[in-house]
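Working through the structure, step by step
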Amino acid sequence: MIAEVESNRVGEERQTSSGAHDLFAIPSHGAPINVVNAITDSSVCLVTDIGGNISGVSIKKLRVPPVYVLDDTANAIRNPLILDCDYKVEQGESGLVVKWLQNGQPVYQWIPGSKPFPLSYFRGHVDTKYEASKAPEAKHRAIAITQPLYNMTGNYTCSVASFQSQDKRTSFLQIVVPDNDFQLSYNCCDEENAITVQCSTLKVFPEPTLTLSVDNMLVDTGEEKKRKKQNGLFESILTWKVNRAQLEPPVTFNCALSIPGTNYSVRRETIYYVGASTSSVDALLPTVSLLLGVLINHLLRECQLV
């Protein structure tokens, strides 16, 4: 008898079966499993036998971060991106194979007792010495991605199979390439006495959304131009024009860059004063504030040593 159980949740899918319909199905050996019922909850899906004992392999927890932001700053400490698959193997299971797939394509395989084997373009981007557990049957269950690439975004499936049974789960990973040159500026004034406000990002992934506000009031009349570059990154420029007579200085312009479907968001702010013609320095305020904070902390430590 073959049992198939599916549990679908936001960002995660799971299937437990004897392997008859799976891409990596392994023919069963020995007596078939007689299935009485299937238990499905928010964290684990188990197939039980007549006696009520857990049988086969079962994934307890799939750890895939929903969002991973690449850090391209100089001298940054880059920790590997860890995708972990914590599972349980019951006694009597043999021929264990752990596989990771990205969008249905194999990218990693490990058989206990042998070395991990990265596949496709993941070769050269996986730390095969990384150990997620000291247990021999789970030592290299996780995939440790070094120097992740933006095109490693996708659905990741952990497949754990033996000669007797199989379990798998899927979760989505979004890799974000931040734009370190995200800018907000204004120019005053043209022949129509209008102020032009421009917010721009030139190298970000995935496709961003720009929103502009004036004194915390959202502007919905701006013109936004987007395009995808040959390198796969996105460029977006939001421009808004307003007659200077409609503003009462000082006025705060604020631009937010967000990635739909994630909680990733950054902001830039600049202030228009009477008599000002251009602005670009205020867009660096977050960086300046950070440097001042580091300097103050350093001076405080020096004073404590005296």
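See the structure above.
Before going into details, it helps to say that this report is about the structure given with it. Source: prediction; values computed, not measured. (Residues numbered from 1 in each chain as written. Predicted model: local features only at pLDDT ≥ 70, side-chain atom pairs only at ≥ 80, totals over all residues. Heavy atoms only, no water.)

A few words on the environment of A161. Inspection of the secondary structure puts A161 in strand β12 (residues 154-161). Here A161 falls in the buried class, since its relative accessible area comes to 4%. (Helix = DSSP H or I, 4+ residues; strand = E, 2+ residues; numbered from the N terminus. Buried < 20%, exposed > 50% of the residue type's maximum accessible area, 1.4 Å probe, protein only.)

Next up on the list: the sheet that holds strand β21 (residues 265-272). With antiparallel pairing, the 4 strands of this open sheet are ordered in space as β17-β16-β20-β21. The open sheet has two edge strands, β17 (217-219) and β21, and neither has a second partner. On average, each strand axis in the sheet is inclined to that of its neighbour by 30 degrees, with strand direction left out of account. Taken together, the 8 bridges between strand β20 (residues 251-258) and β21 define a ladder with antiparallel strand orientation. The residue bridging L257 from the neighbouring strand is V266, located in β21. (Pairing = 2+ DSSP bridges. Axes fitted to C-alpha atoms, helices over the stretch in contact; angles between N-to-C directions.)

Once that is clear, we can look at the nonpolar core. Among the nonpolar cores identified, the biggest contains 54 residues, and L83, Y87, W100 and F253 are the most heavily contacted of them. Leave out the neighbours within four places in its chain, and F253 touches L184, Y186, V197, S213, V214, W240, L247, R268, E269, T270 and Y272. (Core = buried A, V, L, I, M, F, W, Y, C linked by side-chain atoms within 4.5 Å. Contact = heavy atoms within 4.5 Å.)

Looking now at the environment of W110. Here W110 is to be found in strand β9 (residues 105-110). Given the relative accessible area of 1%, W110 is considered buried. C-alpha of W110 to C-alpha of A138: the two residues are 28 residues apart in sequence and 9.6 Å apart in space. With residues near it in sequence (within four places) discarded, W110 still touches Y87, V97, V98, K115, P116, P136, E137, A138, K139, H140 and R141. Here S114 takes part through its backbone oxygen, which lies 3.0 Å from a polar atom of the side chain of W110. (Polar contact = N/O pair within 3.5 Å; in protein donor to acceptor, adjacent residues only side chain to side chain.)

So, about the state of the cysteines. Inspection of every chain in the model, using the stated rule, returns 3 disulfides. Here C188 pairs with C189 through a disulfide, and the sulfurs are 1.8 Å apart. Taking the sign of the S-S torsion, -50 degrees for the link of C188 and C189, the bridge is left-handed. According to the relative accessible area criterion, C188 is buried, its value standing at 12%. When its relative accessible area of 26% is taken as the criterion, C189 is described as partly exposed. Regarding the disulfides, the protein chain carries the connectivity 1-2, 3-4, 5-6 under sequence-order numbering of its bonded cysteines. (Disulfide = S-S within 2.5 Å.)

Moving on to the environment of V177. Turning to its location among the elements, V177 is positioned in the loop between β13 (166-176) and β14 (183-188). Exposure remark for V177: the relative accessible area of 8% places this residue in the buried category. Taking the C-alpha atoms as reference, V177 lies 6.2 Å from V69; in sequence the two are 108 residues apart.

Moving on, we come to the packing of aromatic side chains. Evaluated as defined, the whole model comprises 6 aromatic pairs. Centre to centre, the rings of Y121 and F122 are 5.1 Å apart; their planes meet at 50 degrees, and the pair counts as tilted. A residue is classified by how much of its surface remains accessible, and F122, at 0% relative accessible area, is buried. Ring pairs connect the aromatic residues Y121, F122 and Y156, which therefore count as one cluster. (Phe/Tyr/Trp six-rings, centres within 6.5 Å; stacked < 30°, edge-to-face > 60°.)

Where charged atoms from two side chains of opposite charge approach closely, those side chains can pair. Counted under the stated rule, the structure contains 12 salt bridges. Among the salt bridges present, the one from E207 reaches K226, with a minimum N-O distance of 3.5 Å. Separated by 19 residues along the polypeptide, E207 in the loop between β15 (194-204) and β16 (209-214) and K226 in strand β18 (residues 223-228) bring together distant segments of the chain. In this structure, E224 engages K226 in a salt bridge whose closest nitrogen and oxygen atoms are separated by 3.9 Å. (Salt bridge = Lys/Arg side-chain N within 4 Å of Asp/Glu carboxyl O.)

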